[in-house]
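As a plain string of letters, each chain reads:
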Amino acid sequence: RTTTTYRKRSSGLTGRAQHAIGVSTLSGGLDWMYGSLEYDNSTDGPNSTLSDHWTGHQHQVDLWSAVTTQIRGRFRPDLSGRLSFVKGRSVQSAYNVGAICDVAPLWQLKTGYGYAYRFPSIADQFARDTYNRGNPDLASEITRTFVATIAFASSSGDFSAHLTGFRQRISDLIQYQYDPSIFQYVPRNVNKFR
């Protein structure tokens, strides 16, 4: 009988600070995250041997900040950004630019643009099991998103409605593809999806 076991561990610490200056609010923080994934594939019996074992781990430190302000009472822009540091990888950055505008009594227009990333998971990078083989050379997925929302709220506050539209583009999407030379699925970066 074959037994397959995955052990996943994760932990983290976070710190936050916020300060108001007139009509503006500044905030920032520090995040530390750790994750590990371990795989065992063993066979029970009189000649039991460990047939496969692997482990992967990743430390990540993020620095982030944000600023929100109000201009002439009707227009409120905000800007936020994040830097991520992972050992063995280049520094990744993400940011969001947005604004809320009171276009008429009870009506608001919200717009925003975001540039974000997703690091490959530990399994994407390090897996070595029956069906999958990790790829340590994967690039991070990059997402660019534009969002617009028109919002209505009744004067009594009993009713509100929002209509949102967005356009999103993903580059270096991580997708598992079958590799016939090793009879396993390997994650690779592709750029054919929108």
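Scroll up to find the structure this text is about.
If you're wondering where the values come from, they're calculated on a predicted model, not measured in any experiment.

Definitions and cut-offs
Residues numbered from 1 in each chain as written. Predicted model: local features only at pLDDT ≥ 70, side-chain atom pairs only at ≥ 80, totals over all residues. Heavy atoms only, no water. Helix = DSSP H or I, 4+ residues; strand = E, 2+ residues; numbered from the N terminus. Rg over C-alpha atoms; globule rule 2.2 N^0.38 Å. Buried < 20%, exposed > 50% of the residue type's maximum accessible area, 1.4 Å probe, protein only. Contact = heavy atoms within 4.5 Å. Areas by Shrake-Rupley, 256 points an atom, 1.4 Å probe, with all protein chains shown as cover. Lys, Arg positive; Asp, Glu negative; His and termini not counted. Charge placed at Lys NZ, Arg CZ, Asp CG, Glu CD. Polar contact = N/O pair within 3.5 Å; in protein donor to acceptor, adjacent residues only side chain to side chain. Salt bridge = Lys/Arg side-chain N within 4 Å of Asp/Glu carboxyl O. Core = buried A, V, L, I, M, F, W, Y, C linked by side-chain atoms within 4.5 Å.

Engineer: Talk me through the overall build of the protein; I want residue IDs and the actual numbers.
Structural biologist: Looking only at helices and strands, one finds one helix and ten strands in the protein. On C-alpha atoms alone, the protein measures out to a radius of gyration of 23 Å, which is more than a quarter above the 16 Å that the 2.2 N^0.38 rule sets for 194 residues. Taking the principal axes of the C-alpha coordinates as reference, the protein spans close to 80 × 35 × 35 Å. Residue burial in the protein is summarised as follows: out of 194 residues, 29% are buried. For the protein, restricting intrachain contacts to residue pairs at least 6 apart in sequence, the fraction spanning at least 24 positions comes to 52%. Total accessible area computed for the protein in this model is approximately 12500 Å², and 58% of it derives from carbon and sulfur atoms. In the protein, the 21 positive side-chain charges and the 15 negative ones have mean positions that sit 6 Å from each other.

Engineer: Would you mind going over the environment of Trp54 in detail, with residue names and values included?
Structural biologist: As for its placement among the helices and strands, Trp54 is situated in strand β3 (residues 50–69). Placed 73 residues apart in sequence, Trp54 and Ala127 show a C-alpha to C-alpha distance of 7.1 Å. Not counting residues up to four positions away in its chain, the partners in contact with Trp54 are Tyr6, Leu37, Glu38, Tyr39, Ala123, Phe126, Ala127, Arg128 and Asp129. At a separation of 3.4 Å, a polar atom in the side chain of Trp54 contacts the main-chain carbonyl oxygen of Arg128.

Engineer: Quick rundown of the pattern of salt bridges? Include the residues and the values.
Structural biologist: Tallying each qualifying case throughout the model produces ten salt bridges. A salt bridge links Asp31 to Arg16; its shortest N-O distance comes to 2.9 Å. Here Arg16 lies in strand β1 (residues 2–21) and Asp31 lies in strand β2 (residues 24–43), a separation of 15 residues in the sequence. By relative accessible area, Asp31 is classed as buried at 8%. One salt-bridge network, held together by shared partners, links Arg7, Arg9, Glu38 and Asp40.

Engineer: So what's going on with the nonpolar core? Residues and values would help.
Structural biologist: Looking at soluble globular proteins, one finds that nonpolar side chains tend to be buried together. Core analysis: the biggest nonpolar cluster contains six residues, these being Val86, Ala94, Tyr115, Tyr117, Phe119 and Ile142. Once residues within four sequence positions are removed from consideration, Ile142 is found in contact with Gln92, Tyr115, Ala116, Tyr117, Arg169, Ile170 and Ser171. With five residues, the next largest nonpolar core counts Leu37, Tyr39, Trp54 and Ile122 among its residues.

Engineer: Residues and numbers for the environment of Ala116, please.
Structural biologist: Looking at where Ala116 falls in the secondary structure, it is placed in strand β6 (residues 107–118). Assessed through its relative accessible area of 32%, Ala116 is described here as partly exposed. The sequence separation of Ala116 and Ile170 amounts to 54 residues, and the corresponding C-alpha distance is 9.5 Å. Those residues in contact with Ala116 that sit more than four places away from it in its chain are Ala94, Glu141, Ile142 and Thr143.

Engineer: Could you give an account of unusual backbone geometry, naming the residues involved and the relevant values?
Structural biologist: Although it is not a glycine, Leu106 sits at a positive phi angle of roughly 75 degrees. What makes Leu106 partly exposed here is its relative accessible area of 41%. Residues other than glycine seldom take positive phi values, yet Phe183 does so here, at roughly 60 degrees. With respect to the helices, strands and loops of the structure, Phe183 is situated in the loop between β9 (173–179) and β10 (184–190). Using a relative accessible area of 62% as the deciding quantity, one classes Phe183 as exposed.

On their own, these measurements won't tell you what the molecule is for.
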